[in-house]
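Okay, here's what each chain looks like letter by letter:
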Amino acid sequence: MEVRIKILFTSLCHTDVYFWEAKGQNPVFPRILGHEAGGVVESVGEGVTDLEPGDHVLPVFTGECKECAHCKSEESNMCDLLRINTDRGVMIHDQKSRFSINGKPVFHFVGTSTFSEYTVVHVGCLAKINPLAPLDKVCVLSCGISTGLGATLNVAKPKKDSSVAVFGLGAVGLAAAEGARIAGASRIIGVDLNANRFELAKKFGVTEFVNPKDYKKPVQEVIVEMTNGGVDRSVECTGHIDAMISAFECVHDGWGVAVLVGVPHKDAVFKTSPMNLLNERTLKGTFFGNYKPRSDIPSVVEKYMNKELELEKFITHEVPFSEINKAFDLMLKGEGLRCIIRMDA
């Protein structure tokens, strides 16, 4: 059930940096990072029937076996067999790595390891896409952009002319804002501690900005006042527990829905008054925007092909593979959104 992929374009996501820094998780070493990418099938292993050499694919850090209870459920994308596992550095089939140097294994990362000219991926973690789609653009759909977009379109589901608050204006948050723009929201309020992000966010439909540092009171109170009772929907894309609580407490009673996207510290605890729920506010979580990788991501690529979704504005830098460290430097400095890494150079 394995497929060998020639990677043509990959991009750097903050998750790669987080695991490269090896903070707060079990470090696996040596390993090949990278998980946001686009490539072409080079060869297929035993049991693979729905891909063949030459197919264009996006590798995804989570999977879809199509057989477990989650895959058979219309409501879930959290496949029992292939859901993300950050500790596993080997293939499922034989618990061995497909990479080695001088006879010693080099480990995999979230089943993808795209910072490599070739990689081996389980068939269930590959979305087969339109071969006409430019891989240097749609590769960003294999992680962050789909996560933010789906959090809004599939989970928050804002109505036309509604109000949406987005916490965190990095690539995922701006993808959530883009989802609100596509859904026809009339007020999209961006919340971020970094005021430098506000100008760029206007391109993604953000209409108003709130910097919590500018106020003495909690940001949820500021938003409730701005919106005459609270926003209709909020999407939290930072992973900071205070922002999560603010995102929930800033939605309107009676119909407000808050969606959590950012991954918190493992010891974080969410605290709020139960009355906030009893007053008919809803709190939801999402994983990869509730998209099933094989079934749904091809249609997100088609949204780009039909010009419903813009991807170019997410791509702010491009480097050849030999200069991949520049992509890390840009992300550590907080410059730009997505940096495309070209494998052929």
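Residues numbered from 1 in each chain as written. Predicted model: local features only at pLDDT ≥ 70, side-chain atom pairs only at ≥ 80, totals over all residues. Heavy atoms only, no water.

Our next topic: helix α7 (residues 219-226). For α7, every residue scored as buried is listed here: V219, Q220, V222 and I223. Angularly, the buried residues of α7 cover 155 degrees about the axis, an arc narrow enough to put them on a single face. Where α7 ends, the next residue or the one after it, N228, has phi of about 60 degrees, a positive value. (Buried < 20%, exposed > 50% of the residue type's maximum accessible area, 1.4 Å probe, protein only. Helix = DSSP H or I, 4+ residues; strand = E, 2+ residues; numbered from the N terminus. Arc of directions from axis to C-beta.)

Strand order in the open sheet formed by 6 strands is β10-β9-β8-β11-β12-β13, with parallel pairing between adjacent strands. Lying at the two open borders of the sheet, with one neighbouring strand each, are β10 (208-210) and β13 (282-285). The mean inter-strand angle of the sheet, taken between neighbouring strand axes irrespective of direction, is 20 degrees. In terms of strand pairing, strand β12 (residues 257-260) meets β13 through 4 bridges, oriented parallel. Opposite V259, over in β13, you have K284 as the bridge partner. (Pairing = 2+ DSSP bridges. Axes fitted to C-alpha atoms, helices over the stretch in contact; angles between N-to-C directions.)

Formed by 70 residues in total, the largest nonpolar core has its most connected members in L58, F115, I129, V138, L141, I145 and L311. Setting aside its immediate chain neighbours within four residues, V138 contacts L58, I129, A133, V301, Y304 and L311. Ranked by size, the runner-up nonpolar core spans 18 residues in total, among them C65, C68, V121 and M343. (Core = buried A, V, L, I, M, F, W, Y, C linked by side-chain atoms within 4.5 Å. Contact = heavy atoms within 4.5 Å.)

On to the environment of M343. Within the secondary structure, M343 is located in the segment after β15 (338-342). Look at M343 and you get buried, because its relative accessible area is 6%. Remark: the alpha-carbon pair of M343 and Y118, spanning 225 residues in sequence, is separated by 9.8 Å. Residue contacts for M343: discarding those within four places in its chain leaves I7, L8, F9, T10, T114, S116, E117 and F321.

Listing the buried residues of helix α8 (residues 241-249) in full gives A243, M244, I245, S246, A247 and F248. Turning to α8, the residues buried within the fold contact β8 (163-167), α7, β11 (233-236), β12, α9 (274-278) and β13.

Let us now look at the environment of M1. Structurally, M1 is set in the segment before β1 (2-11). On a C-alpha basis, the gap between M1 and T49 in space is 8.8 Å, while along the polypeptide they are 48 residues apart. If sequence neighbours within four positions are ignored, M1 has contacts with E46, G47, V48, V121, H122 and V123.

Interpretation note: all reported values are geometric properties and have no functional meaning in isolation.
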